[in-house]
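As a plain string of letters, each chain reads:
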Protein chains: 2
Amino acid sequence: MAAELTAAQLLEKHRPTLDQALEAIRTRAYWSPHPEHPKAYGENAAADGQAAFDALRGKRFELDQPGTDDWAGEEVSPYGIGLNISYPHPDADVLLPAMRAAMPAWRDAGPQTRALVCLEILSRISARTHEFAQAVMHTSGQAFMMAFQAGGPHAQDRGMEAVAYAYAEQVRTPDQAAWSKPQGKRDPLELTKSFKAVPRGVALLVGCNTFPTWNGYPGLFASLATGNAVLVKPHPRAVLPLALTVRVAREVLAEAGFSPDLVALAVDRPGEGLAKTLATRPEVRIIDYTGSTEFGDWLEANAPQARVYTEKAGVNTVVIDSTDDYKGMLGNLAFSLSLYSGQMCTTPQNLLIPRDGITTDAGPKSYDDVVGDLATAVDKLLGDDARANALLGAIVNPQVKERIEAASGLGEVALASREVANPDFPDATVRTPVMVKMDGARKLWEGAGADAAYLSECFGPVSFAVAVDSAADAVDLLRHTTRVKGAMTVGAYTTSGEVEKLVEEACLEECAQLSLNLTGGVYVNQTAAFSDFHGSGGNPAANAALCDGAFVADRFRTVEVRRPARES
Amino acid sequence: MAAELTAAQLLEKHRPTLDQALEAIRTRAYWSPHPEHPKAYGENAAADGQAAFDALRGKRFELDQPGTDDWAGEEVSPYGIGLNISYPHPDADVLLPAMRAAMPAWRDAGPQTRALVCLEILSRISARTHEFAQAVMHTSGQAFMMAFQAGGPHAQDRGMEAVAYAYAEQVRTPDQAAWSKPQGKRDPLELTKSFKAVPRGVALLVGCNTFPTWNGYPGLFASLATGNAVLVKPHPRAVLPLALTVRVAREVLAEAGFSPDLVALAVDRPGEGLAKTLATRPEVRIIDYTGSTEFGDWLEANAPQARVYTEKAGVNTVVIDSTDDYKGMLGNLAFSLSLYSGQMCTTPQNLLIPRDGITTDAGPKSYDDVVGDLATAVDKLLGDDARANALLGAIVNPQVKERIEAASGLGEVALASREVANPDFPDATVRTPVMVKMDGARKLWEGAGADAAYLSECFGPVSFAVAVDSAADAVDLLRHTTRVKGAMTVGAYTTSGEVEKLVEEACLEECAQLSLNLTGGVYVNQTAAFSDFHGSGGNPAANAALCDGAFVADRFRTVEVRRPARES
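What counts and how
Residue positions are given per chain, counting from 1 as you read along its sequence in written order. By the order in which they are written, chains take letters starting at A while ligands take numbers starting at 1. In keeping with the model being predicted, local features are shown solely for residues with a pLDDT of at least 70 and side-chain atom pairs are shown and tallied solely at 80 or more, while totals for entire chains, interfaces and linings include all residues. To obtain the side-chain values, all non-hydrogen atoms of the structure were used and water was disregarded. DSSP bridges decide pairing: two strands pair if at least two such bridges lie between them. A run of H or I in DSSP counts as a helix once it spans at least four residues, and a run of E counts as a strand once it spans at least two, with each numbered from the N terminus. Structural elements are reduced to axes, namely lines fitted to C-alpha atoms, with helices fitted over the stretch in contact, and the angle between N-to-C directions of any two is expressed from 0 to 180 degrees. Only heavy atoms enter the contact rule, under which two residues are in contact if any of them lie within 4.5 Å. Superposition of the copies used a least-squares fit over C-alpha atoms from residues whose pLDDT is at least 70 in both. Type-normalised accessible area, obtained with a 1.4 Å probe on protein chains alone, sets the label of each residue: buried when under 20%, exposed when over 50%, and partly exposed for intermediate values. We define buried area as the total accessible area lost by two parts upon association, computed with a 1.4 Å probe and summed across both. Here, a salt bridge means any side-chain nitrogen of Lys or Arg that lies within 4 Å of a carboxyl oxygen of Asp or Glu. Put simply, two rings from Phe, Tyr or Trp (the six-membered ring, in Trp's case) pair if the centres are within 6.5 Å, and we call them stacked under 30 degrees between planes, edge-to-face over 60, tilted for the rest. Whether a charge sits over a ring comes down to the Lys NZ or Arg CZ being within 6 Å of the ring centre and within 35 degrees of the ring normal.

### Points about the sheet that holds strand E7 (residues 263-265) of chain B
All names here are of chain B. One open sheet accounts for five strands, arranged E7-E6-E5-E8-E9; its pairing is parallel. This sheet does not close on itself; its edge strands, each paired only once, are E7 and strand E9 (307-311). The sheet shows a mean angle of 15° between the axes of neighbouring strands, taken without regard to direction. With three bridges joining them, strand E6 (residues 229-233) and E7 adopt parallel strand pairing. Bridged to Leu 231 within E7 is Ala 264. In the packing of helix H3 (residues 92-127) onto the sheet, the strands contacted are strand E5 (202-206), E6 and E7, and the crossing angle to E6 comes to about 145°. Taken strand by strand, helix H7 (residues 217-225) contacts E5, E6, E7 and strand E8 (284-290), and its axis lies near 160° from that of E6.

In structure tokens:
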């Protein structure tokens, strides 16, 4: 088939971007090719995006995939709108062989062409960011601006970062080598060697509800860029953003002369548990998963034929020891607790505060002062309903709502959750965060029988203000929860070099990413692609980090062919 | 403690070598800093090495490790000599915490210092290559020259290659980054970020009988160079080479100002199964294993807290389609089948030969011609007992001997195994290879019930001359065994571009390393560090390759600490 998108066109259009991405992952300075501001996408982009989203509702999402034996899908927006879109349900015995058959040509295309095709996919997704923003908003419950940024440019950045890592990894070994081994007075032994990056097989992406694109793109693009076919199994409540992604990918692949079946969609029937069935297929050799610890552990134990990358639950801690910007600290924490109703794997949960209080630039503050002032800061941040809606978004599922309601039974409530009305979406469940006081005495968390509520993840806008006996105790509790439960993020506020060193050492030993003294416009729960690592891969919250060499290096293998030099 | 080996000394002595190694893994041209010829080590080296080996026998091997609760060891050389050396048996509850405690200072030393210390260890091992050669010979049963080369310089090369990969991987991320994100008209957001490579934990090396150093060094040095402590659990019959390695490593670490407990030895009591106990300890976060598929699979399934790298059994195939150097082909294959009595994971087992014969530069040859001529070539190669002993070495264990004896019951014997007397070691079991004719008709190997002997690994000097219906059938059988059983090596002889393409495509799809038309002094069962990959990590014979980015990238994690730029 004649490619509409030639290699030369792709090279001219995207190689400079790839080079910039490669430079960014080396320096880890700020870089992004994807604008964050909605207005950067053109005057009509918002209206066009809304119209495109509206046009998708109530219809079949056609993808022209082989092996579609049924149509499935029952997404209802956390904002109360039924999407009524149905998607392909796969006959794996037909779809997976078709995907495998597509791989040799993709493999032979080589790392550069694969990277450039991936960048073209991302570029077309970027052009439709407003449409994706609607899709992410109405599946995750994120407020519009967050759905736009995290679901659009930030997710695209993470995808491109994975492409850059995948490309760099594959070209570390040359295509050819001439090998000549001296043999003293005899002729040298001479071989010609060729090396080729080959895919592992079909990669399965098991998507999550809260960040379908942001958490999905790294694995998807890392696998595709390393020559694998990718089967996308979205969360049943967050299909649309990944279905759109699959559609764009298939279009670009076909235009570039490859089989569109290198990327395909698989959507569950209600209660089917399709992810389990697909994860154990022999064709599936890579799995990327974001979600519960329970299913992540299941995948790790039950899919031995595949390399499994998981991001699971964790308990994120902030140690509050002292600060020279009390107001800035409170504002920063209030924002982190509120953003997307705390429904981020990176949202702080345990705020460890010395029982005897802390020192600040505004004078000494008791434990109750800190808790009360933080509660006030949250109230102030969310006092205006319009602003509250813009920050909080909607509660993503009934379990989160139940956790909010149950939190008040766990201890003294320092900050009560309240309902916020959303005038645009009256059926949305919008709640402000709840904060509960807890006793962090060592005997309550140390030892086998300890069962303090703050020792487990309580996903959603629930945080615990845990009174500890000292900063050193706070660090020990941080170590304990990180070692046992994992952590995606750790924060700390301190003006003490000694405490800073303790916290830093704990994070180095327990392998957790640390943000120190954030008081401005950067938040502990946000990471930037090309610069920040998301997760460490070294504690129980995740077995991989976004993105590093380890995230891509085992998605392909290198096959060597060697022959006597005379032959070549 | 004052380091006797300063950082400046290490830098001056080893940085140029590290740079050469880094260049070699980029170009994959021939390179080695370790001489292959025994005479290169000095006039008295051979006698000194022999004397040093003799002095070790009949004694305790003192290592001054914490937590030694017993002494164990019962090595008997395959050449018939009892070594009578006893080694530390660990109290893991004492030893493992001591190893963990040694890690933070090693972590803080950084990638370069770790790499240079590893190179100093290798350099001291290199200086004692003759002593190691004796130790490898009298544990593996390799003949002296092979024990010297494969156990000495080639193993040291593989260790250095792992150090180079580990170093390169860790310095891909900078130590520091300044991050400045534009905010339109407002001030940019500015953070200072630091990144540090942190170890996973204690790495467990489970050694093998046949190549204790060659197969052990890559994992040992990859783990150590990435900041982990390494606990070495040798095969009970091949302790000494790794015990010497541990001793040298501990000496160098201490001299460089680090705790010697970063490397320790653990030796089984008879029948204890110590590897299982150690592999499931929570401190153990990395495992490297070479050996049986059964135990490799056990480790992969039962040590979920660790990243497990395994090299297991496989079925290695050579496709014989045609050749323009019949004599060279026969000589090359005869050598590969004979070297170390075929007791290599890379030795060919299945020789697939068309039933109707092959074309050669010496005219057409029938299946029987090829088999007969190959048998003659082996006989000729091993006709002289001195030469036979120098090539074959000794049979490593009674199971291999039993397999040789059982082989004649599997089919028509094309080449019978014979006993060779070893005048220097009358108790050694020395055997020439056996080759058995087999029918490779498709119905005998295709389908669920097929149980042809050539479908499983028969470790030792047993090969099968399998008559196939065509070259295409040979490639299908190659695909089948590689997919189901794995392969460390594939060889092929062909002058047909079409057949070459078929074999190459099969190797790319089944992920196996291919050697084409080897007729000279390079053999399918040998790979050279810095240039050849050993295994692919993509078929059931091994889940990792020696050595590539994937082999090192997940042995450490990167911890980031970010803080407002004003603080730095």
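We are not done yet, so read on.
### What to know about the relation of the copies chain A and chain B
Aligned on chain B, chain A shows an RMSD of 0.0 Å; the corresponding rotation is 180° and the shift along the axis is 0.0 Å. Read as a symmetry element, the transformation amounts to a two-fold axis. Across chain A, the rotation axis passes nearest the C-alpha of Ala 550 of chain A, at a separation of 3.1 Å. Taken as a fraction of all interface residues of chain A, those also at the interface in chain B reach 100%, which identifies the copy contact as same-surface.

### Examining the environment of Thr 290 of chain A
Residue and element names in this part refer to chain A. Looking at where Thr 290 falls in the secondary structure, it is placed in strand E8 (residues 284-290). Among the residues examined, Thr 290 registers a relative accessible area of 15% and is labelled buried. A sequence separation of 80 residues divides Thr 290 from Thr 210, and the C-alpha atoms of the two residues are 9.7 Å apart. Once you skip the residues sitting within four places of it in the chain, Thr 290 turns out to touch Val 206, Gly 207, Cys 208, Asn 215 and Glu 311.

### A word on the sheet that holds strand E3 (residues 176-183) of chain B
Strand order in the open sheet formed by ten strands is E14(A)-E15(A)-E16(A)-E12(A)-E10(A)-E17(A)-E18(A)-E19(B)-E4(B)-E3(B), with mixed pairing between adjacent strands. Of all strands in the sheet, those bounded by a partner on one side alone are strand E14 (413-415) of chain A together with E3 of chain B. Between one strand axis and the next, the sheet turns by 25° as a mean value, whatever way the strands run. Of the pairings in the sheet, the one linking strand E12 (residues 350-354) of chain A to strand E16 (residues 462-468) of chain A comprises five bridges and is parallel in character. Bridge pairing links Ile 353 of chain A to Ala 467 of chain A in E16 of chain A.

### Brief notes about the interface of chain A and chain B
Tallying the contact residues gives 80 residues for chain A and 80 residues for chain B. Carbon and sulfur atoms make up 46% of the area that chain A and chain B hide from each other, which totals about 6200 Å². Our enumeration of links across chain A and chain B arrives at 18 salt bridges. Asp 548 of chain B is the partner of Arg 557 of chain A in a salt bridge, and the nearest nitrogen-oxygen pair spans 3.0 Å.

### A few points about the packing of aromatic side chains
Under the criterion given, the structure shown has 28 aromatic pairs over all chains. An angle of 80° between the planes, with centres 4.9 Å apart, marks the rings of Trp 106 of chain A and Phe 258 of chain A as edge-to-face. Remark: Phe 258 of chain A occurs in the loop between helix H8 (240-255) and strand E7 (263-265) and Trp 106 of chain A occurs in helix H3 (residues 92-127); sequence separation between them is 152 residues. Trp 106 of chain A gets classed as buried once you look at its relative accessible area, which sits at 0%. According to the relative accessible area criterion, Phe 258 of chain A is buried, its value standing at 11%. Relative to Phe 551 of chain A, the ring of Tyr 309 of chain A has its centre 5.5 Å away and its plane inclined at 65°; by these criteria the two rings are edge-to-face. Of this pair, Tyr 309 of chain A sits in strand E9 (residues 307-311) while Phe 551 of chain A sits in helix H18 (residues 549-553), and the two are 242 residues apart along the sequence. Grouping aromatic residues by their ring pairs yields a cluster made of Tyr 41, Phe 144 and Phe 148 of chain A. Stacked on the ring of Phe 61 of chain A, the Lys or Arg Arg 247 of chain A has its end atom at 3.7 Å from the ring centre. Over the ring of Phe 551 of chain B we find Arg 555 of chain B, and its NZ or CZ is 4.3 Å from the ring centre.

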